[in-house]
Amino acid sequence: MLDPGRIMERCDALARHSELPGGLTRVFLSPQARAATDNVLGWMREAGMQAKLDAIGNAAGRYEGERAGAPCLMLGSHLDTVRDAGRYDGMLGVISAIECVHALSARKKRLPFAIEIIGFGDEEGVRFGTTLLGSRAVAGIFDSKALHALDSSGQSMSTALNEFGLDPNRIPEVSRKKGQVLAYAELHIEQGPVLEAEGLPVGVVTAINGFSRLRVTLRGAAGHAGTVPMKLRRDALAGAAECVLATEKVAKGHAELVGTVGRIEAKPGAINVIPGEVMFTVDVRAPQDPLRNDAVAAIRSHIDKIAKDRKLDCEIENLQEFGVSACAPWLMDQMDKAVARQGFPVRRLPSGAGHDGMALGAITDICMLFVRCKGGISHSPLESITQADAAAGARVLSDFIEHFEPRGLSA
Ligand SMILES: [Zn+2]
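Before going into details, it helps to say that this report is about the structure given with it. (Residues numbered from 1 in each chain as written. Predicted model: local features only at pLDDT ≥ 70, side-chain atom pairs only at ≥ 80, totals over all residues. Heavy atoms only, no water.)

So, helix α2 (residues 31-46)
The terminal C-alpha atoms of α2, which comprises 16 residues, lie 23 Å apart, in line with the 22 Å expected from a rise of 1.5 Å per residue. For α2, every residue scored as buried is listed here: Q32, A33, A36, T37, V40, L41, W43 and M44. Looking at the buried positions of α2, the neighbouring elements they touch are α1 (4-15), β1 (50-53), β2 (59-63), α3 (91-106) and β4 (114-120). Directly beyond the C-terminal end of α2, a positive phi value near 85° is found at G48. (Helix = DSSP H or I, 4+ residues; strand = E, 2+ residues; numbered from the N terminus. Expected span 1.5 Å × (residues − 1). Buried < 20%, exposed > 50% of the residue type's maximum accessible area, 1.4 Å probe, protein only. Contact = heavy atoms within 4.5 Å.)

Structure representation (structure tokens):
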């Protein structure tokens, strides 16, 4: 039997492992991460799994199938958090998956495939500024250059791994090969308001949206706010304001597109000085790469034109880019059926936020189940879900697992 009360209690228990007193901050390879990981490994063993800390600091558990050594259905999510985080983003997916296996092992039921659950050590990328470290290692796409990345105290990832009791040279051993993983399925809170607005406890994810990030610098001329006439000014901030609105306008041009200017800095930044230089960021996301690429091109050309008309120098840098990770249609179909069998309306929706599946897509087909969260809020202590929704999510995941038909076996 699934025990939703236990899911909620375990989310609370992990939230106590925090470097932030009275809140929740737990970063990769920290003492708090070690304590949370040890909890999770214990729960995996209690659920009848073999469990161990792997070489990148993931909690990895395996529940054998009818025959030992069979390929696995991989489940998981992450155990690290952002700063001043909520207690469900990531952890709910790991704890719910363990609950599903617990229910199987309590009935001594084995499936034609193994189940592996991974509590990824780093998804958020808070400590070393580079994301998806745990899932990249499992997918065999860990970039060893990341070992030299430094945290804010100047410690390298490689030293941090050593201090955690891990050997960076063994990271390649963590990687799974194609064929060993039949599919990857992740339960995660929605982090958006769609399910709540429609009164639905769960939704089936169609794709993890791709994103593009730009850094734009506009340079005009600083000058005295009292003496330079308006028609002689080259005000970089007034130009940036037009760019912000242009970004918004492009993003509003398609229902599935979002665009955000999240950071802006004006120099010299004084009340009586015309801003001579402005830097701002642009973040664009969409469930289709061509839609995102077209939007980025449109935003760039608006910015160029605004700068030209205002005689500002303009520099646009590409900071980061990640293509869409589409969920596999055959897995979405199986997840839809699980949702329907559990008596919920089937709703498909894209994920605006990034997830571990983006990395796992390198070795296997992926799918995700979203669970409604209050107000669509995440990455905040206000993040909240109901026990009834935790139960709904676990029931659907459990149903999906028990009816899972690997494509290779059914074809
Ligand atoms: Zn997450």
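Examining the pattern of salt bridges
Within this structure, the stated rule accounts for 29 salt bridges. Taking the shortest distance from any N to any O, the salt bridge between R87 and D12 comes out at 2.8 Å. Here R87, found in the loop between β3 (72-78) and α3, pairs with D12, found in helix α1; they are 75 residues apart in sequence, far enough to count as distant. For R87, a relative accessible area of 33% puts it in the partly exposed group. According to the relative accessible area criterion, D12 is partly exposed, its value standing at 28%. We note a salt bridge from R215 to E317, for which the minimum N-O separation is 3.3 Å. One end of the pair, R215, is in strand β7 (residues 210-219); the other, E317, is in strand β13 (residues 313-322), and 102 residues separate them in sequence. E317 sits in the partly exposed class, given a relative accessible area of 28%. Each of R62, E64, E116 and R176 takes part in one network of salt bridges that share partners. (Salt bridge = Lys/Arg side-chain N within 4 Å of Asp/Glu carboxyl O.)

Section: the coordination of the zinc ion
Only H78 (NE2), D89 (OD) and H188 (NE2) from the protein reach the zinc ion as donors, at distances of 1.9 to 2.2 Å. For the zinc ion, the donor residues sit on a single chain with the sequence spacing H-x10-D-x98-H. One end of the pair, H78, is in strand β3; the other, D89, is in the loop between β3 and α3, with eleven residues separating them in the sequence. On the basis of relative accessible area, H78 is assigned to the buried category, the value being 1%. (Donors = N, O, S within 2.8 Å, 3.2 Å for Na, K, Ca; no water.)

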